[in-house]
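Architecture and fold: a report
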Amino acid sequence: MQRISEWWLGLSRQRQVVLGGVSVLLLSVVFGGWLLWGQRPAKALPATVPQEQTQQSSHATSKATTEVSGTPHQVSSHDTRVFVDVQGAVAHPGLYQFSAEMRVADAIKAAGGLTGKADRKQINLASRLTDQQQLQIPLKGETVQRAGNQQASSSANGAGNQSAAKADGKAATVVNLNTATVSDLQQLTGIGEKKAQKIVDYRTAHGSFQTVKDLTQVPGFGEKTVENLQDQLTT
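Predicted, not measured: the structure shown is a model, and the values here were computed from it. Position numbers for residues count from 1 along each chain, tracking the sequence in the order it is written. Confidence filtering applies because this is a predicted model: local features only for residues at pLDDT of at least 70, side-chain atom pairs given and counted only at 80 or more, and all residues used for totals across whole chains, interfaces and linings. Side-chain numbers come from the whole structure's heavy atoms, not from hydrogens or water.

Description of the overall build of the protein
- Summing up its helical and strand segments, the protein has nine helices and five strands in all.
- In the protein, which comprises 235 residues, the proportion classed as buried is 19%.
- Surface accessibility of the protein: about 17,600 Å² in total, with carbon and sulfur atoms responsible for 55%. Strands here mean DSSP runs of E at least two residues long; helices mean DSSP runs of H or I at least four residues long; both are numbered from the N terminus. Relative accessibility under 20% of the residue-type maximum defines a buried residue, over 50% an exposed one, and the middle range a partly exposed one, all with a 1.4 Å probe and only protein chains included. Per-residue and other accessible areas follow the Shrake-Rupley method at a 1.4 Å probe size, with only the shown protein chains counted as cover for residues.

Structure follows, in structure tokens:
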């Protein structure tokens, strides 16, 4: 310290002022830097979790949920789509997809609505749609059978066909006038037991029939009756 003092006193006044100023400036810089460093705020935490971390966390949560339930999402879900072919008096006929709870009104709306030629009275807007259904929207003056009517019609047609088959079967039976019994003759259309017996009695009394037209000689058998039986008889 003594040497520093002697050195300082040996300097000229001007150099002392310059060195003093430089020393004060250096001290000020050092002190100021220290203050600034000490007051530096702490690094703020991110307001939200980074995206990658969020995705990982979401994936982990989803995986945990699956493990707890014991059934993957693909297994527990089932297809509830309904595909309907909308045709007829609509603006845009075609195939449309719906959910299972939707109705005819939804199908018509999806197809662009009814045209001016549509017969609204025949349409039940409240009917539920079914998969693979063809929804036919009728035109005015056009009759569209519903499921119940179709079933009734099918039953009626079936009964009619059976009756026709029986009638055809009866008509297809050919009876020989000269060998037929009373029972055989009753197979003819419109021939009961009494008329059949008259044919047998006539044959017994007058001999065999030469032609089918000879049947007109039997009481109760006119030309029109014999003509109707022409295809069912032989001699």
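Concerning the pairing of strand β1 (residues 81-88)
- Pairing between strands is defined by DSSP: at least two bridges between them are needed. With six bridges connecting them, β1 and strand β2 (residues 94-99) associate as antiparallel partners. Residue pairing in the sheet places R81 in a bridge with S99 of β2.
- Hairpin connection from β1 to β2: five residues lie between these consecutive antiparallel strands.
- As defined by bridge partners, β1 adjoins strand β3 (residues 133-137) across five bridges and the pair is classed as parallel.

Some details on the nonpolar core
- Membership of the largest hydrophobic core comes to 19 residues, with the highest contact counts inside it found for L185, L215, F221 and L233.
- Broken down by element, this core gets its largest block of residues, four residues, from helix α8 (residues 193-206). Note on terminology: a nonpolar core comprises buried Ala, Val, Leu, Ile, Met, Phe, Trp, Tyr and Cys residues joined through side-chain atoms within 4.5 Å.

Things to note about the sheet that holds β2
- Taken together, the three strands give an open sheet; going across it, the order is β2-β1-β3, and neighbouring strands pair in mixed fashion. Edge positions in the sheet fall to β2 and β3, since each has one partner strand and no second. Strand-to-strand, the axes of this sheet are offset by a mean angle of 35 degrees, without reference to chain direction. Between N-to-C directions, angles span 0 to 180 degrees; the directions come from axes that are lines fitted to C-alpha atoms, helices contributing only their stretch in contact.

Details of unusual backbone geometry
- If you check the backbone angles, Q132 has positive phi at about 70 degrees while not being a glycine.
- By secondary structure assignment, the location of Q132 is in the loop between α5 (104-110) and β3.

Side note on the packing of aromatic side chains
- Here a pair means two rings of Phe, Tyr or Trp (six-membered ring of Trp) with centres within 6.5 Å. Their orientation is stacked below 30 degrees between planes, edge-to-face above 60, and tilted elsewhere. Tallied over the full model, the rule gives two aromatic pairs.
- Ring geometry for Y96 versus F98: centroids 6.4 Å apart, planes at 40 degrees, classification tilted.
- Judged by relative accessible area, which is 5%, F98 ranks as buried.
- Sitting over the ring of F221, K195 keeps its end group 5.6 Å from the ring centre. Consider the ring centre and the ring normal. A charge sits over the ring if Lys NZ or Arg CZ is within 6 Å of that centre and within 35 degrees of that normal.

Things to note about the environment of Q230
- For Q230, the position within the fold is in the loop between α9 (223-229) and β5 (233-234).
- Here Q230 falls in the partly exposed class, since its relative accessible area comes to 35%.
- In this structure the C-alpha to C-alpha distance between Q230 and K213, which are 17 residues apart in sequence, comes to 8.2 Å.

Some remarks on α8
- Working rule for helices: expected span equals 1.5 Å times residues minus one. Across its 14 residues, α8 extends 20 Å between first and last C-alpha, which sits within 8% of the 20 Å expected from 1.5 Å per residue.
- Every buried residue of α8 is listed here: A196, I199, V200, Y202 and R203. Taken around the axis of α8, the buried residues stretch over an arc of 160 degrees, which confines them to a single face. Away from the buried face of α8 by more than 90 degrees, exposed residues E193, K194, T204, A205 and H206 are located.
- Taken together, the buried residues of α8 touch α7 (182-185).
- G207, located one to two residues past α8, shows a positive phi value of around 95 degrees. For this quantity, the arc is that covered by the directions from the helix axis to the C-beta atoms. We call two residues in contact when some of their heavy atoms are within 4.5 Å.

Topic: a nonpolar patch on the surface
- Here the term patch refers to residues with relative accessible area over 30% and no salt bridge, with like charges joined within 9 Å and nonpolar side chains (Val, Leu, Ile, Met, Phe, Trp, Tyr) within 5 Å. Here a salt bridge means any side-chain nitrogen of Lys or Arg lying within 4 Å of a carboxyl oxygen belonging to Asp or Glu. Where nonpolar side chains cluster on the molecular surface, the patch consists of V18, V22 and L26 and spans about 260 Å² of accessible area.
- Tracing the backbone shows V22 in helix α2 (residues 13-38).

Side note on the environment of L114
- Within the element layout of this structure, L114 appears in the loop between α5 and β3.
- Put simply, L114 and G88 are 26 residues apart on the chain and 9.1 Å apart in space, counted from C-alpha to C-alpha.
- Contacts of L114, omitting those with residues within four sequence positions, involve A89, V90, I108, R120, I123 and I137.

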